[in-house]
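Structural features, examined
Take a look at the letters that make up each chain.
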Amino acid sequence: MRNDPALFPKTLAVVRMATACFFLLFGQYKLFSPEFTHGGFQQYLQSYAQDSAVGLYQPILADLVLPHAVFFGYLVGAVEFCVGICLLLGFAVRPASVVGALHMISLTLATWWGPGHGVPVWRYFGAELDHLPLLFLFVIFFVGDVGKVWGLDGRRRGSP
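Below or above, wherever it landed, is the structure these notes cover. (Residues numbered from 1 in each chain as written. Predicted model: local features only at pLDDT ≥ 70, side-chain atom pairs only at ≥ 80, totals over all residues. Heavy atoms only, no water.)

A separate point is the overall build of the chain. When you go through the chain residue by residue, the secondary structure sums to eight helices and zero strands. Across the chain, helices and strands are ordered from the amino to the carboxyl terminus as α-α-α-α-α-α-α-α. Dimensions of the chain, computed from C-alpha atoms along their principal axes, come out at roughly 50 × 35 × 25 Å. Burial statistics for the chain: of 160 residues in total, 39% are counted as buried. Contacts in the chain between residues at least 24 apart in sequence constitute 71% of all its contacts with a sequence separation of at least 6. Here the chain displays about 9200 Å² of accessible surface, and carbon together with sulfur accounts for 71% of that area. (Helix = DSSP H or I, 4+ residues; strand = E, 2+ residues; numbered from the N terminus. Buried < 20%, exposed > 50% of the residue type's maximum accessible area, 1.4 Å probe, protein only. Contact = heavy atoms within 4.5 Å. Areas by Shrake-Rupley, 256 points an atom, 1.4 Å probe, with all protein chains shown as cover.)

Set out below in structure tokens:
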């Protein structure tokens, strides 16, 4: 197979749009499902704050987020939905990638000790396979400025 240099940016654009679909699904569920914002999110937060969050993140979850769980539940949904829209349209992809990466770091900090304390280190990384690959994608989207191909970022800057 011939190496076509134009294929890589198009591949990244497709990956960007596929990733957008995940975030649109995540966000719409949180925004439009009272089961999450009015109960489910609180249960996750309590579990994270008590069992799985890294030490410096536990008080943030317990003392700041948990008392305002409904607000933060909607905020998380709105953030995920907005990231999804930005990725899908290829609009403000770099800022959306920063927000998405920070969200993945937050989730990683909240769930790091999920496998327990003192288990082999690979288990911590294995348990974070929901978050770390998405974090790496956001880094790629940011560095590659992937909104330029098949996205509004390219049209704004006069790119093809």
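Right, picking up where we left off after that structure.
Here we come to unusual backbone geometry. One non-glycine residue, alanine 92, adopts positive backbone phi at about 55 degrees. Here alanine 92 shows up in the loop between α4 (69-89) and α5 (93-111).

Moving on to the side chain of glutamate 80. Take glutamate 80: it is sitting in helix α4. With a relative accessible area of 4%, glutamate 80 lands in the buried category. Side-chain polar atoms of glutamate 80 contact the side chain of lysine 30, separated by 2.8 Å. In this structure glutamate 80 touches Phe23, Phe26, Gly27, Lys30 and His103, once residues within four positions along its chain are discounted. (Polar contact = N/O pair within 3.5 Å; in protein donor to acceptor, adjacent residues only side chain to side chain.)

Now for the pattern of salt bridges. Counted under the stated rule, the structure contains two salt bridges. Residue lysine 30 is joined to glutamate 80 by a salt bridge in which the shortest nitrogen-to-oxygen separation is 2.8 Å. Taken as a pair, lysine 30 in helix α1 (residues 7-32) and glutamate 80 in helix α4 lie far apart in primary sequence, 50 residues in all. The exposure classification of lysine 30 matches that of glutamate 80, with both residues buried. For aspartate 145, the salt bridge identified is with arginine 94, shortest N-O distance 4.0 Å. A residue pair is termed long-range when its members are at least 10 positions apart, and aspartate 145 in the loop between α7 (132-144) and α8 (152-156) and arginine 94 in helix α5 qualify at 51 residues. Here arginine 94 falls in the partly exposed class, since its relative accessible area comes to 30%. (Salt bridge = Lys/Arg side-chain N within 4 Å of Asp/Glu carboxyl O.)

The subject of this paragraph is the environment of threonine 108. Relative to the assigned elements, threonine 108 resides in helix α5. Judged by relative accessible area, which is 12%, threonine 108 ranks as buried. Each C-alpha atom, one on threonine 108 and one on glutamine 42, is 17 Å from the other, the two residues being 66 residues apart in sequence.

Another point: the state of the cysteines. The final tally for this structure, using the stated rule, is zero disulfides. Here cysteine 21 is not cross-linked by a disulfide; its sulfur's nearest cysteine counterpart is in cysteine 86, at 14 Å. There is no disulfide at cysteine 82, and the cysteine sulfur nearest it, in cysteine 86, is 6.5 Å away. Looking at cysteine 82, the relative accessible area reads 45%, which means it is partly exposed. (Disulfide = S-S within 2.5 Å.)

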